[in-house]
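Each chain, written out:
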Amino acid sequence: MPKIIVEIMPKQDLLDPQGKAVANALHRAGNKEISAVRIGKRIELHFDREITEADLDEAKAQAANFLSNDVIEDVVAVTKED
Amino acid sequence: MKIGVITFPGTLDDRDAQRAIRLAGGTPVPLWHADQDLKKVDAVVLPGGFSYGDYLRCGAIAAQAPATKEVIKLAGQGLPVLGICNGFQVLVESHLLPGGLIRNEHQHFVCRDQKLRVENNTTAWTNLFEKDEEILIPLKNGEGGYIAEPETLKMLEGENRIAFRYLETNPNGSMNDIAGLTNERGNVVGLMPHPEHAVEPGFGPDTPVAMRSGVDGLRFFASVLQQVVNA
């Protein structure tokens, strides 16, 4: 199924309590080499037809304005997948 | 004097806000998120709760609702708008107020009677307070930590846009102890604490005078009624 994938991460300088808790659990499981964990979002936009450049541009605009909040998050990637 | 209260899916405090408006002498008008018609109200309250289950980000989906789109448009023309808690988050997500609200610094939900200082008493919703008056308003939130870019904070401080500051304790890690903001024009105000929970003796926060006697929240609603009458 054609889809556009939007990846969003919390800004680097913001505390990510979820990532920290997961990192602690990984350490307890013996993964001492993992220095940090950060958790973001992957949002899939599904289409029932081929995705156009206009769809991708619209997705990028929505990623910046609605799907993320630039005060607290960064849009890492907006990509097309067939 | 008609003050609209918008109900979104997941709103909790719409009835309390309506009651507060009635106690202040206004006529509350229930408004529905999917309805673009704001029924010619003189002011709007975006109440507290968990609109859309806080999906995506707190207030993000409510900011896209037809009723909110109309609020954004009319706020630009001077309509008084008060956002309480989740309503504050909606105002921030609507870009009517700058910055963002994130999970409380200590990671816990907080519920307490919170002392605030009124920093700006010239807004539509604060004109019956004294400048620097200390008031007591219940606070209950999980994602109330206010953050903004350093330049934004500087602008807010410089332009007297911080409406309320937390006093004695900062309950959620908000930058510069910010509890509430106003826009440049003073018609839009958003805050994390809940003024609608401090409007009637017997049901408000405890004060040195008596238990549950705090009614400082009533003047938010009385302020806007006076403002609208004078307009």
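Treat the numbers as computed from the prediction; the structure is a model and nothing was measured.

Asker: I'm lost on the pairing of strand β11 (residues 188-191) of chain B in this one. Help?
Answerer: In the case of a regular strand, side chains alternate between the two sheet surfaces. All names here are of chain B. Because side chains alternate across β11, one face comprises the buried residues V188 and G190, and the other comprises V189 and L191, equally buried. In terms of strand pairing, strand β4 (residues 81-84) meets β11 through four bridges, oriented parallel. Along β11, the bridge assignment pairs L82 with V189. Relative to β11, strand β10 (residues 178-182) is paired through three bridges, and the arrangement is antiparallel. If you follow T182 over to β11, its bridge partner there is V189. Once β10 ends, the chain turns through five residues before running back antiparallel as β11, passing G186 with a positive phi of about 85°.

Asker: Would you mind going over helix α2 (residues 53-67) of chain A with me for this structure?
Answerer: It helps to recall that an α-helix has 3.6 residues per turn; residues three or four apart then point in one direction. Residues of α2 of chain A that are buried: D55, L56, A59, A63, F66 and L67 of chain A. Buried-residue contacts for α2 of chain A involve β1 (3-10), β2 (41-46) and β3 (73-81) of chain A.

Asker: Could you clarify how one ought to interpret helix α1 (residues 14-24) of chain B in this entry?
Answerer: All names here are of chain B. All of the buried residues in α1 are D14, A17, Q18, A20 and I21. All buried residues of α1 project into a common sector of 160° when viewed along the axis, lining one side. Along its buried surface, α1 packs onto β1 (2-7), β2 (27-32), β3 (43-46) and α5 (218-230). Trailing α1 by a residue or two, G25 shows a phi angle of about 105°, which is positive.

Asker: Help me understand the sheet that holds β11 of chain B, please; the structure alone is not making it clear to me.
Answerer: Paired through their backbone hydrogen bonds, the strands of a sheet run either parallel or antiparallel. Residue and element names in this part refer to chain B. One open sheet holds the nine strands; their spatial order is β2-β1-β3-β4-β11-β10-β9-β6-β7, and the pairing between them is mixed. For this open sheet the edge positions go to β2 and β7 (134-141), each flanked by a neighbour on one side alone. Strand-to-strand twist across the sheet, computed as the mean angle between neighbouring axes with direction ignored, equals 25°. With three bridges connecting them, strand β9 (residues 162-166) and β10 associate as antiparallel partners. Bridged to R165 within β10 is I178.

Asker: What is the right way to look at the packing of aromatic side chains in this model?
Answerer: Each pair of aromatic rings is reported with the distance of its centres and the angle of its planes. Residues and elements named next belong to chain B. This structure, assessed with the given rule, holds three aromatic pairs over all chains. Aromatic side chains F88 and Y146 sit 6.4 Å apart centroid to centroid with 5° between the ring planes, which places their arrangement in the stacked category. Residue F88 is located in helix α3 (residues 86-93), and its partner Y146 is located in strand β8 (residues 145-147); the two are separated by 58 residues in the primary sequence. By relative accessible area, which is 0% here, F88 ends up buried. Since its relative accessible area comes to 0%, Y146 is described here as buried. One aromatic cluster is present, built from ring pairs that chain together F129, F164 and F220.

Cut-off values and rules
Residues numbered from 1 in each chain as written. Chains lettered and ligands numbered in written order. Predicted model: local features only at pLDDT ≥ 70, side-chain atom pairs only at ≥ 80, totals over all residues. Heavy atoms only, no water. Buried < 20%, exposed > 50% of the residue type's maximum accessible area, 1.4 Å probe, protein only. Helix = DSSP H or I, 4+ residues; strand = E, 2+ residues; numbered from the N terminus. Pairing = 2+ DSSP bridges. Contact = heavy atoms within 4.5 Å. Arc of directions from axis to C-beta. Axes fitted to C-alpha atoms, helices over the stretch in contact; angles between N-to-C directions. Phe/Tyr/Trp six-rings, centres within 6.5 Å; stacked < 30°, edge-to-face > 60°.

Treat this as a map of the structure, not an account of what it does.
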